[in-house]
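# Coordinate inspection notes
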2 protein chains.
Amino acid sequence: MTAGLLGVGTSSFGKQQDLHPNELMWLAVEEALDDAGRPDIEAIYLGTVFGAPGVAPRGLHHLGLTDVPIITVENACASGTTAFHEATQSVEYGRFANVLAVGVEKMTDQFAGAIHPEPTDPEGRSGLALPGLYAMAASRYQHMHGVTDEDLAMVAVKNHGHAVGNERAQHRTPHTVEEVLASRMIADPLTLLQCCPIADGAAAAVVGDSGPSARTVRIRSSVLASGGLWDHRSDHVWGFELIRDTAAAAMEAAGVAPGDIDVIECHDAFTIGEIVTTEAIGLAPEGEGVRLLHDGHTRVGGPQPVNPSGGLLSRGHPLGATGLAQIAEIVWQLRGDAGARQVQRARLGLVETMGGGVAGIDGNACVVAVLEAPST
Amino acid sequence: MTAGLLGVGTSSFGKQQDLHPNELMWLAVEEALDDAGRPDIEAIYLGTVFGAPGVAPRGLHHLGLTDVPIITVENACASGTTAFHEATQSVEYGRFANVLAVGVEKMTDQFAGAIHPEPTDPEGRSGLALPGLYAMAASRYQHMHGVTDEDLAMVAVKNHGHAVGNERAQHRTPHTVEEVLASRMIADPLTLLQCCPIADGAAAAVVGDSGPSARTVRIRSSVLASGGLWDHRSDHVWGFELIRDTAAAAMEAAGVAPGDIDVIECHDAFTIGEIVTTEAIGLAPEGEGVRLLHDGHTRVGGPQPVNPSGGLLSRGHPLGATGLAQIAEIVWQLRGDAGARQVQRARLGLVETMGGGVAGIDGNACVVAVLEAPST
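Residues numbered from 1 in each chain as written. Chains lettered and ligands numbered in written order. Predicted model: local features only at pLDDT ≥ 70, side-chain atom pairs only at ≥ 80, totals over all residues. Heavy atoms only, no water.

### What to know about a negative patch on the surface
Residue and element names in this part refer to chain A. Taken together, Asp149, Glu150, Glu178, Glu179 and Asp188 make up a surface patch of like negative charges. Listing elements by their share of the negative patch, those giving two or more residues are α7 (149–163) and α8 (177–182). Checked against the element boundaries, Glu178 lands in helix α8. According to the relative accessible area criterion, Glu178 is exposed, its value standing at 56%. (Patch = residues over 30% accessible without salt bridge, like charges linked within 9 Å, V, L, I, M, F, W, Y side chains within 5 Å. Areas by Shrake-Rupley, 256 points an atom, 1.4 Å probe, with all protein chains shown as cover. Salt bridge = Lys/Arg side-chain N within 4 Å of Asp/Glu carboxyl O. Lys, Arg positive; Asp, Glu negative; His and termini not counted. Charge placed at Lys NZ, Arg CZ, Asp CG, Glu CD. Helix = DSSP H or I, 4+ residues; strand = E, 2+ residues; numbered from the N terminus. Buried < 20%, exposed > 50% of the residue type's maximum accessible area, 1.4 Å probe, protein only.)

### Considering the environment of Asp268 of chain B
Residues and elements named next belong to chain B. With respect to the helices and strands, Asp268 occurs in the loop between β9 (263–265) and α10 (271–281). Asp268 gets classed as buried once you look at its relative accessible area, which sits at 0%. There is a polar contact of 3.5 Å between the side chain of Asp268 and the backbone nitrogen of Leu313. (Polar contact = N/O pair within 3.5 Å; in protein donor to acceptor, adjacent residues only side chain to side chain.)

### Digging into the packing of helix α3 (residues 79–92) of chain B against helix α13 (residues 319–335) of chain B
Residue and element names in this part refer to chain B. With their axes 4 Å apart at the nearest point, α3 and α13 run at an angle of 60° to one another. Classified by the angle their axes make, α3 and α13 are oblique. Between α3 and α13, the contacting residues are Ser79, Gly80, Thr81 and Phe84 on the first element and Gly320, Gly323, Leu324 and Ile327 on the second. Here the contact of α3 with α13 is built from residues that sort into 3 nonpolar, 5 polar and no charged. (Axes fitted to C-alpha atoms, helices over the stretch in contact; angles between N-to-C directions. Parallel < 35°, antiparallel > 145°, perpendicular 65-115°, else oblique. Contact = heavy atoms within 4.5 Å. Nonpolar A, V, L, I, M, F, W, Y, C, P; charged D, E, K, R; others polar.)

### Considerations on helix α1 (residues 21–36) of chain A
All names here are of chain A. Here α1 is 16 residues long and its end C-alpha atoms lie 22 Å apart, about the 22 Å a rise of 1.5 Å per residue gives. For α1, every residue scored as buried is listed here: Pro21, Asn22, Leu24, Met25, Ala28, Val29, Ala32, Leu33, Asp35 and Ala36. Buried residues of α1 fall within an arc of 165° about the axis and therefore sit on the same side. Where α1 is buried, its residues meet β1 (3–10), β2 (43–47), α2 (55–60), β4 (99–106), β7 (200–209) and α13 (319–335). Two residues or fewer after α1 comes Gly37, characterised by a positive phi angle close to 80°. (Expected span 1.5 Å × (residues − 1). Arc of directions from axis to C-beta.)

### Observations regarding the state of the cysteines
Enumeration over the complete set of coordinates arrives at 0 disulfides over all chains. No disulfide involves Cys77 of chain A; its sulfur sits 7.4 Å from that of Cys196 of chain A, the nearest cysteine. Judged by relative accessible area, which is 13%, Cys77 of chain A ranks as buried. Here Cys196 of chain B stays unpaired: no disulfide links it, and the sulfur of Cys195 of chain B, its closest cysteine neighbor, is 7.2 Å away. (Disulfide = S-S within 2.5 Å.)

### Details of the packing of aromatic side chains
A full pass over the atoms with the stated rule returns 2 aromatic pairs over all chains. A centroid spacing of 4.5 Å and a plane angle of 35° characterise the contact between Tyr134 of chain B and Phe270 of chain B, whose relative ring orientation is tilted. Here the residue Tyr134 of chain B occupies a position in helix α6 (residues 130–145), and Phe270 of chain B occupies one in the loop between β9 and α10, the gap between them amounting to 136 residues. Across this residue pair, the class does not change: Tyr134 of chain B and Phe270 of chain B are buried. The residue whose ring lies beneath Arg315 of chain A is Phe13 of chain A, and the NZ or CZ to ring-centre distance is 5.9 Å. (Phe/Tyr/Trp six-rings, centres within 6.5 Å; stacked < 30°, edge-to-face > 60°. Lys NZ or Arg CZ within 6 Å of the ring centre and 35° of its normal.)

### Structural notes on the environment of Arg220 of chain A
Residues and elements named next belong to chain A. Relative to the elements of secondary structure, Arg220 occurs in strand β8 (residues 217–226). Sequence-wise, Arg220 and Gly4 are 216 residues apart; in three dimensions their C-alpha atoms are separated by 8.4 Å. Looking at Arg220, its side chain comes within polar contact range of the main-chain oxygen of Ala254, at 2.6 Å.

### Quick word on the pairing of β4 of chain A
Residues and elements named next belong to chain A. Extensive coverage of β4 is indicated by the burial of 8 of its 8 residues. In β4, alternate side chains face the same way, and those of Val99, Ala101, Gly103 and Glu105 on one face and Leu100, Val102, Val104 and Lys106 on the other are all buried. Of the strand pairs in this sheet, β2 and β4 are connected by 5 bridges, and their pairing is parallel. Across the sheet, the residue bridging to Ala43 is Val99, located in β4. (Pairing = 2+ DSSP bridges.)

Below is the structure:
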């Protein structure tokens, strides 16, 4: 069987302190089940990072989703795409017919007060929270490739601009390069508007037989990889090799080349992330990703739009939900359901999510999936 | 392919505050890899309930276990058996050749001070911590079946007695019925020695092709189920239906009957748990499980020993590790490697783990696996 996406759904994204994680899940799951035509669900994979033990069965049996295997998975920021990947593999290998993948995170519960790096985390023990790690990568990248602060800021300008068309996004205000650079410094050179916000949200997808359908998005490939030990002699900045190798494996399995991809959702937790990722995927040679921003290549309206939803930077980044929110966006794009932010003539989409410690001293994971529009 | 257990390993169990979760994992994983003859591992499933995000890649890449997909799973107390189940299914369906399943929990980090039921948990909001819920089940069971406090205590006497022969068990002191009943009351009728202790520990298993081997334990079946909504009109106590149905499905898939099983590790988190579980598996008619204790049926030396390791009550219950510790015990028993607690002529073993809210208002899960001795 070739697995396909029968339906997707999401909550809104943002600080939603009044909503219980169950309520966020219900919004996403009900929309996905309706979208899929309510097939019988044989198993459920749920991705979350900080969800309480038992969050999956607790939340889901109120929807009548009982008496099926429910498995919660965690893979840091890639938890949602890990749930998607496990659902996809279980359908591909004939284990289940229709599987629900769900992602949920209530970040405002977890980070209600001051945020401290986790004390048992080797990066945390060094004082390296994620903004600091990404900032170090950005500085290194700037040094290697002669890239300016203004260049970095252009990612935020593009993605905040995209989010204006996404009514479920957390931040929908367009910003100029000057505004991005003038926002509060978080970790030099990354200013506030270059960092993904704390968000609550949920997203879901129903994976099943892709069959012939005017609505089902085909899953051409899905690859999950975990990174090896960081080689400090590497000439690349963090994550580059893992994203490059995972994306290459996913595109090879799908039989496509980087130039074939029409629309991408990728892990822009910080502006530098999108630049490195677009290079690692192969949209530009290493060190030249900024050109994609200057010439409008990755803007909606350009040949290969990246993060039309607004990305993690603007849609928000509820960890466990993010991967499935990316999947939902690409499904909407490939079905022509993306409204104001619709990418024209999108036949092939790619999703990339990065999870775990960015320095690679801490273990990390990457999921890349290639999706294809319904064959109408 | 028919999946088999190529090797198993565990840490010791107990309060081990000086050991980092990584160190607990290393002990279990190194032993399992050595036991399996160090095959190439293609994927890793790790079960934990309270493990920090990223616990799996952080811990494992120090062992050189890098560049393979690593997926952390959670299913409350059944997290370890969920990791085992996913590993087994991925081998059975031809997704991977050799998979490592790991379970780990550092309970003394999590429960360093006073323990409060989780505030977002519907049972917790009612003041119902697990001992209270099991105590209510025990009281109901006593009312229905005329069972005495002494009868309940006999489970603890048996399992604490078994653990004397298990040098990795947390509690290795034998106790009399009088001592069990005289221990501090936790939740009437359950005294301290009828409740599983707070434990740290890890366990691991290598799942691969069972092939013909003098050492590989064949996985005849593995079934993971999640429970439905609790029917308050039920004539059974909590969990009975879920365990009964999951065990029946696992035994049917394995082509065996309850009377064929030679040795069992089951979820005796509290004494009442073992009584209900042995009935649900089919060793005794409902309400008559106490007879198995009175006539020595489930004691090592009897026809169907239950929890020869000491069970959760005496080996200890490090949540995510428990399921794989049960698997390891049955593997040792079926290979004849169980030393002082060896069950004679054990050809078929059964593992049962229960996860999640015991009242069923909270979602729960059950995993049952049937294992067969190497075909020497």
